[in-house]
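Here are the chains, one letter per residue:
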Amino acid sequence: MSLLPLAAAAVAAPRIPLRLFGRGLAATMSTSGSLKSVDYEVFGNVQGVCFRMYTEGEAKKIGVVGWVKNTRKGTVTGQVQGSEDKVNSMKSWLSKVGSPSSRIDHTNFSNEKSISKLEYSNFSIRY
Ligand SMILES: *[C@@H]1O[C@H](CO)[C@@H](O)[C@H](O)[C@H]1NC(C)=O
Ligand SMILES: *[C@@H]1O[C@H](CO)[C@@H](O)[C@H](O)[C@H]1NC(C)=O
(Lines give C-alpha, C1' and ligand atoms only; values in the text may rest on other atoms or scores of the structure.)
(Ligands and ions follow the chains in the order given, each with its own letter.)
Protein backbone atom coordinates (compact mmCIF):
# COMPACT_ATOMS: atom_id res chain seq x y z
CA MET A 1 0.00 0.00 0.00
CA SER A 2 1.22 3.43 -0.81
CA LEU A 3 1.52 6.11 1.84
CA LEU A 4 -0.14 8.59 -0.44
CA PRO A 5 -3.76 7.96 0.56
CA LEU A 6 -2.77 8.40 4.21
CA ALA A 7 -0.97 11.62 3.47
CA ALA A 8 -3.96 12.85 1.50
CA ALA A 9 -6.26 11.95 4.39
CA ALA A 10 -4.01 13.79 6.85
CA VAL A 11 -4.17 16.90 4.69
CA ALA A 12 -7.90 16.63 4.06
CA ALA A 13 -8.97 15.86 7.63
CA PRO A 14 -8.40 19.30 9.21
CA ARG A 15 -10.37 20.93 6.40
CA ILE A 16 -13.66 19.44 7.50
CA PRO A 17 -13.71 20.76 11.07
CA LEU A 18 -12.28 24.07 9.87
CA ARG A 19 -15.03 24.49 7.34
CA LEU A 20 -17.68 23.61 9.94
CA PHE A 21 -16.10 26.04 12.36
CA GLY A 22 -16.24 28.75 9.72
CA ARG A 23 -19.90 28.16 9.11
CA GLY A 24 -20.70 28.09 12.83
CA LEU A 25 -18.85 31.35 13.29
CA ALA A 26 -20.77 33.00 10.46
CA ALA A 27 -24.08 31.84 11.95
CA THR A 28 -23.10 33.14 15.39
CA MET A 29 -22.06 36.47 13.96
CA SER A 30 -25.27 36.93 12.04
CA THR A 31 -27.46 36.18 15.04
CA SER A 32 -25.42 38.21 17.52
CA GLY A 33 -24.89 41.06 15.03
CA SER A 34 -27.25 44.00 15.01
CA LEU A 35 -30.89 43.20 14.43
CA LYS A 36 -33.21 45.51 12.63
CA SER A 37 -36.86 45.90 11.84
CA VAL A 38 -38.53 47.64 8.92
CA ASP A 39 -42.10 48.14 7.70
CA TYR A 40 -42.75 47.91 3.97
CA GLU A 41 -45.47 48.55 1.44
CA VAL A 42 -45.31 47.36 -2.16
CA PHE A 43 -47.17 49.22 -4.92
CA GLY A 44 -47.89 47.86 -8.40
CA ASN A 45 -49.69 44.78 -9.64
CA VAL A 46 -49.11 42.82 -6.45
CA GLN A 47 -52.47 41.25 -5.56
CA GLY A 48 -53.83 38.06 -7.16
CA VAL A 49 -50.30 37.14 -8.28
CA CYS A 50 -49.18 34.95 -5.34
CA PHE A 51 -47.13 37.85 -3.98
CA ARG A 52 -47.67 36.96 -0.33
CA MET A 53 -46.83 33.30 -0.87
CA TYR A 54 -43.58 34.17 -2.64
CA THR A 55 -42.76 36.75 0.04
CA GLU A 56 -43.19 34.12 2.74
CA GLY A 57 -41.02 31.69 0.77
CA GLU A 58 -38.27 34.26 0.24
CA ALA A 59 -38.36 35.36 3.89
CA LYS A 60 -37.95 31.76 5.02
CA LYS A 61 -35.15 31.19 2.51
CA ILE A 62 -33.27 34.30 3.66
CA GLY A 63 -34.08 33.68 7.33
CA VAL A 64 -36.02 36.77 8.38
CA VAL A 65 -39.21 36.87 10.47
CA GLY A 66 -42.28 39.09 10.27
CA TRP A 67 -45.46 39.14 8.24
CA VAL A 68 -47.13 40.09 4.96
CA LYS A 69 -50.71 40.97 4.05
CA ASN A 70 -52.84 42.50 1.32
CA THR A 71 -54.30 45.94 1.94
CA ARG A 72 -57.71 47.13 0.79
CA LYS A 73 -56.04 49.63 -1.53
CA GLY A 74 -54.37 46.95 -3.65
CA THR A 75 -50.92 47.03 -2.09
CA VAL A 76 -49.01 44.50 -0.03
CA THR A 77 -47.69 45.53 3.37
CA GLY A 78 -45.86 44.02 6.29
CA GLN A 79 -42.83 43.98 8.51
CA VAL A 80 -39.44 42.28 8.28
CA GLN A 81 -37.03 41.64 11.17
CA GLY A 82 -33.65 39.97 11.30
CA SER A 83 -29.95 40.62 11.06
CA GLU A 84 -29.09 43.74 9.12
CA ASP A 85 -27.70 41.92 6.07
CA LYS A 86 -30.69 39.60 5.83
CA VAL A 87 -33.20 42.44 6.18
CA ASN A 88 -31.31 44.29 3.44
CA SER A 89 -31.56 41.25 1.15
CA MET A 90 -35.30 41.07 1.81
CA LYS A 91 -35.69 44.83 1.13
CA SER A 92 -33.98 44.35 -2.19
CA TRP A 93 -36.24 41.40 -3.08
CA LEU A 94 -39.35 43.41 -2.10
CA SER A 95 -38.19 46.32 -4.29
CA LYS A 96 -36.91 44.50 -7.35
CA VAL A 97 -38.07 40.89 -7.56
CA GLY A 98 -41.45 39.92 -6.09
CA SER A 99 -43.48 36.99 -7.40
CA PRO A 100 -43.01 35.93 -11.03
CA SER A 101 -46.34 37.40 -12.25
CA SER A 102 -46.19 40.59 -10.19
CA ARG A 103 -45.15 44.05 -11.32
CA ILE A 104 -43.53 46.18 -8.65
CA ASP A 105 -43.86 49.91 -9.32
CA HIS A 106 -42.52 51.14 -6.02
CA THR A 107 -41.77 49.89 -2.51
CA ASN A 108 -41.61 52.18 0.47
CA PHE A 109 -39.93 51.40 3.73
CA SER A 110 -40.59 53.12 7.02
CA ASN A 111 -39.96 52.80 10.72
CA GLU A 112 -36.53 51.26 10.08
CA LYS A 113 -34.88 50.74 13.47
CA SER A 114 -32.48 48.63 15.49
CA ILE A 115 -34.10 46.11 17.78
CA SER A 116 -32.56 44.06 20.59
CA LYS A 117 -34.60 40.95 19.90
CA LEU A 118 -36.94 39.55 17.26
CA GLU A 119 -40.63 40.14 17.93
CA TYR A 120 -41.82 37.17 15.82
CA SER A 121 -40.91 33.50 15.77
CA ASN A 122 -41.51 33.03 12.05
CA PHE A 123 -42.68 34.75 8.88
CA SER A 124 -46.41 34.47 8.32
CA ILE A 125 -49.18 35.58 5.98
CA ARG A 126 -51.85 37.66 7.71
CA TYR A 127 -55.45 37.84 6.57
C1 LIG B 1 -46.04 53.88 2.16
O2 LIG B 1 -46.44 55.11 1.60
C3 LIG B 1 -47.86 55.38 1.73
C4 LIG B 1 -48.16 56.60 0.94
O5 LIG B 1 -47.09 57.51 0.95
C6 LIG B 1 -48.19 55.52 3.21
O7 LIG B 1 -49.55 55.77 3.36
C8 LIG B 1 -47.85 54.22 3.89
O9 LIG B 1 -48.06 54.31 5.27
C10 LIG B 1 -46.39 53.83 3.63
N11 LIG B 1 -46.21 52.49 4.15
C12 LIG B 1 -45.18 52.16 4.89
C13 LIG B 1 -45.14 50.77 5.39
O14 LIG B 1 -44.30 52.97 5.15
C1 LIG C 1 -45.87 32.09 13.66
O2 LIG C 1 -45.83 33.18 14.55
C3 LIG C 1 -47.10 33.66 14.93
C4 LIG C 1 -46.89 34.86 15.84
O5 LIG C 1 -45.79 35.60 15.49
C6 LIG C 1 -47.88 32.56 15.64
O7 LIG C 1 -49.17 33.02 15.92
C8 LIG C 1 -47.95 31.33 14.74
O9 LIG C 1 -48.54 30.27 15.46
C10 LIG C 1 -46.57 30.92 14.28
N11 LIG C 1 -46.69 29.81 13.34
C12 LIG C 1 -45.87 28.78 13.36
C13 LIG C 1 -46.10 27.75 12.29
O14 LIG C 1 -44.99 28.66 14.18
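Placed above this text is the structure.
Keep in mind it's a predicted model, so treat the numbers as computed, not measured.

Colleague: I would appreciate a short explanation of the nonpolar core in the present structure.
Modeller: One broad rule of soluble globular proteins: the nonpolar side chains tend to lie buried together. In terms of nonpolar packing, the biggest core is built from 18 residues, with Tyr40, Val42, Phe51, Val80, Met90 and Leu94 touching the most fellow members. Counting only elements with at least two residues in this core, the list comes to strand 1 (35-45), helix 3 (51-62), strand 3 (76-83) and helix 4 (84-96). At four residues, helix 4 tops the list of elements feeding residues into this core. Every residue in contact with Val80, bar those within four places of it in the chain, is listed here: Lys36, Ser37, Val38, Tyr40, Val64, Val65, Val87, Met90, Leu94 and Phe123.

Colleague: Sorry, what's going on with the side chain of Thr75 here?
Modeller: Tracing the chain through its elements places Thr75 in the loop between strand 2 (65-70) and strand 3. Judged by relative accessible area, Thr75 falls into the buried class, the value being 4%. At 2.7 Å, the side chain of Thr75 and the side chain of Glu41 are in polar contact. With residues near it in sequence (within four places) discarded, Thr75 still touches Glu41, Val42, Phe43, Val46, Gln47, Lys69 and Asn70.

Colleague: Honestly, the site of ligand 1 in this entry has me stumped. Any pointers?
Modeller: Around ligand 1, the neighbouring residues are Asp39, Tyr40, Glu41, Phe43, Lys73, Asn108 and Ser110. Contacts to ligand 1 include Glu41, whose side-chain N or O atom sits 2.9 Å from a nitrogen atom. Between ligand 1 and the protein, one listed contact pairs an oxygen atom with a side-chain N or O atom of Ser110 at 2.6 Å. Contact with the protein chains removes 52% of the 360 Å² of surface that ligand 1 exposes when unbound. At the level of secondary structure, the elements contributing two or more residues to the shell around ligand 1 comprise strand 1 and strand 4 (103-115). No other element matches the four residues that strand 1 contributes to the shell around ligand 1. Among the residues making up the shell around ligand 1, the classes are represented as two nonpolar, two polar and three charged.

Colleague: What is the right way to read the site of ligand 2 from this model?
Modeller: Around ligand 2, the surrounding shell consists of Tyr120, Ser121 and Asn122. Considered on its own, ligand 2 offers 360 Å² of accessible surface; in the complex 28% of this is hidden by protein.

Colleague: Which parts of the structure should I look at to understand the sheet that holds strand 3?
Modeller: In any sheet, the strands associate via hydrogen bonds between backbone groups, in a parallel or an antiparallel arrangement. Read across the sheet, five strands follow the order 4-1-3-2-5 without closing on themselves; strand pairing throughout is mixed. In the strand order of this sheet, the two ends are held by strand 4 and strand 5 (123-125), each with one partner. Across the sheet, the mean angle separating the axes of adjacent strands is 15° when strand polarity is ignored. Relative to strand 3, strand 2 runs antiparallel, the two being bridged by six bridges. Paired with Trp67 across the bridge in strand 3 is Gln79. Where helix 3 meets the sheet, it contacts strand 1, strand 2, strand 3, strand 4 and strand 5, and its direction lies at approximately 170° from that of strand 5.

Conventions and cut-offs
- Residues numbered from 1 in each chain as written.
- Chains lettered and ligands numbered in written order.
- Predicted model: local features only at pLDDT ≥ 70, side-chain atom pairs only at ≥ 80, totals over all residues.
- Heavy atoms only, no water.
- Core = buried A, V, L, I, M, F, W, Y, C linked by side-chain atoms within 4.5 Å.
- Buried < 20%, exposed > 50% of the residue type's maximum accessible area, 1.4 Å probe, protein only.
- Helix = DSSP H or I, 4+ residues; strand = E, 2+ residues; numbered from the N terminus.
- Contact = heavy atoms within 4.5 Å.
- Polar contact = N/O pair within 3.5 Å; in protein donor to acceptor, adjacent residues only side chain to side chain.
- Near = heavy atom within 4 Å.
- Areas by Shrake-Rupley, 256 points an atom, 1.4 Å probe, with all protein chains shown as cover.
- Nonpolar A, V, L, I, M, F, W, Y, C, P; charged D, E, K, R; others polar.
- Pairing = 2+ DSSP bridges.
- Axes fitted to C-alpha atoms, helices over the stretch in contact; angles between N-to-C directions.

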